[in-house]
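Breakdown of the fold
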Amino acid sequence: MKHIQIKGLDKPVSKLIMGSDFFRLDNGHEVSDLLGHYLAIGGNTIDSAFIYCGGESEQAIGIWLDEMGNRDAINIFTKGAHHDEHGPRVNPEAIRSDLFTSLERLRTDYIDLYALHRDDPATPVGVILEALNEHVEAGRIRAFGGSNWTHERLQEAADYADQHGLIGFSFSSPNLSLAKANEPFWPGCVSTDEGALHWHEARQFPLLSWSSQARGFFSGRFTPENLDNADLVRVFYSDENWTRLRRAEQLAQEKGVSAIQIALAYVLSQPFPACALIGPRSEAEMYSCRDGAELVLTPHELAWLDLTAATV
């Protein structure tokens, strides 16, 4: 599997990152089997978050790491400072509390990739960066980034870090997929727009995409008439996205692959370092992701899929 480099890490990050928002303490066999298949395809990075499954996701990963004894070979990517029922929590106290709890659950003394799960534009970036730098200096995190941060706020943070001699954000983790979101999937979520794509390309700034395959939009299970999945209808149903799906199916037929593999290749073929968070639930789905990650799309194919070029 191909990898990217992220500033602050001493090992590369696999282009496919295993999602764990369904890992629980009562499905340990499934977790172990899936992670075994993930390692078999060359993956080395597992995504989680403080809030996933009420904390059980991180706990399940911690148990697996202990059982495997392979902590040093794995990149742990987890997130904290998500808002709660009282509102935003992107502040030094919440970051510290969530981080220490995550470390305990994961049974480790450091996090390879730590991201703020949401942003709070009302909090100055300097306050946030100062807090995160303290945790880097203490060895608790290797590199940090923003999940669901706009590229404008990321640039603001980069400018502050440069001006004050601080370590800055090393990556961003928004939604990026061939299907474009009509509205945020959840409050505070950020999907990559054209301006953000240009920003990432100009700075070669790593992007770790969640919902990289648009939550199954390209799987063949959905049509304009199928309204069963209300969230998918709300977020991804649009005339433009149905056109993107038809083009993905056409290109897939030409290449002898599936449309969902084309959708994955779209994310990974961007002109900047990009990884895709995936959530396969079987060995077959895992190997489908592997094969999709091996596809390389040309700039013209990317533009045609994205409806910015007329022909392929």
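Provided above is the structure to which this section pertains.
Below or above, wherever it landed, is the structure these notes cover. (Residues numbered from 1 in each chain as written. Predicted model: local features only at pLDDT ≥ 70, side-chain atom pairs only at ≥ 80, totals over all residues. Heavy atoms only, no water.)

**Description of the packing of helix α4 (residues 125-137) against helix α5 (residues 151-164)**
- The contact between α4 and α5 brings their axes to 10 Å, and the two run at 65°. Between α4 and α5 lies a crossing whose hand is right-handed. In this structure, α4 contributes V125, G126, I128, L129 and E130 to the contact, and α5 contributes R153, E156, A157, Y160 and A161.
- In terms of residue class, the contact of α4 with α5 is built from six nonpolar, one polar and three charged. (Axes fitted to C-alpha atoms, helices over the stretch in contact; angles between N-to-C directions. Helix = DSSP H or I, 4+ residues; strand = E, 2+ residues; numbered from the N terminus. Left-handed = near helix turned anticlockwise from the far one by under 90°. Contact = heavy atoms within 4.5 Å. Nonpolar A, V, L, I, M, F, W, Y, C, P; charged D, E, K, R; others polar.)

**Re the pairing of strand β5 (residues 75-80)**
- Of all six residues making up β5, six are buried, and the element is well covered by its neighbours.
- As paired elements, strand β4 (residues 45-47) and β5 share three bridges and run parallel to each other. Of the residues in β5, the one forming a bridge with T45 is N75.
- Of the crossover connections in this fold, the one passing from β4 over helix α2 (residues 56-68) to the parallel β5 is right-handed.
- Both β5 and strand β6 (residues 111-116) contribute to a ladder of four bridges, which runs parallel. (Buried < 20%, exposed > 50% of the residue type's maximum accessible area, 1.4 Å probe, protein only. Pairing = 2+ DSSP bridges. Right-handed = clockwise from strand over helix to strand, strands pointing away.)

**Observations regarding the nonpolar core**
- Of all hydrophobic cores here, the largest spans 96 residues; its most connected members are F169, L208 and F217.
- With eight residues, helix α9 (residues 259-268) is the largest single contributor of residues to this core. (Core = buried A, V, L, I, M, F, W, Y, C linked by side-chain atoms within 4.5 Å.)

**Some details on the pairing of strand β10 (residues 274-278)**
- The buried count for β10 comes to five of five residues, which makes it a mostly enclosed element.
- Judged by which residues are buried, β10 turns out to be covered on both faces: A274, A276 and I278 on one side and C275 and L277 on the other are all buried.

**Some words on the packing of aromatic side chains**
- Under the criterion given, the structure shown has 13 aromatic pairs.
- With 4.8 Å between their ring centres and 35° between their planes, F217 and W242 make a pair best called tilted. Of the two residues, F217 is situated in the loop between β9 (207-209) and α7 (230-236) and W242 in helix α8 (residues 239-255); the sequence distance between them amounts to 25 residues. Taken individually, F217 and W242 each receive the classification buried, so the pair is uniform in this respect.
- When the centroid spacing of 4.8 Å and the interplanar angle of 70° are considered together, the rings of Y237 and W242 count as edge-to-face.
- Since its relative accessible area comes to 13%, Y237 is described here as buried.
- Residue class for W242 comes out buried when judged on its relative accessible area of 9%.
- In textbook terms, an aromatic cluster arises when at least three aromatic residues are bridged by ring pairs, as seen for F185, W186, W210, F217, F218, F236, Y237 and W242.
- The positively charged end of R71 is found above the aromatic ring belonging to Y110, 4.1 Å away from the centroid. (Phe/Tyr/Trp six-rings, centres within 6.5 Å; stacked < 30°, edge-to-face > 60°. Lys NZ or Arg CZ within 6 Å of the ring centre and 35° of its normal.)

**Some remarks on empty space enclosed by the protein**
- A complete count under the given rule lists one cavity of 30 Å³ or more for this structure.
- For the largest cavity, the calculated volume is near 40 Å³.
- Around the largest cavity sit N175, A181, E183, P184, F185, C189, V190, S191, W210, V235 and F236, which together line it.
- When grouped by side-chain class, the residues that make up the lining of the largest cavity number eight nonpolar, two polar and one charged. (1 Å grid on protein atoms, 1.4 Å probe; cavity = no way out; pocket = protein on both sides within 12 Å on 5 of 7 lines; lining within 4 Å. Points joined across faces, edges and corners; volume = space filled by probe spheres on them.)

**A few points about the environment of A230**
- Note that A230 resides in helix α7.
- Sequence-wise, A230 and S32 are 198 residues apart; in three dimensions their C-alpha atoms are separated by 32 Å.

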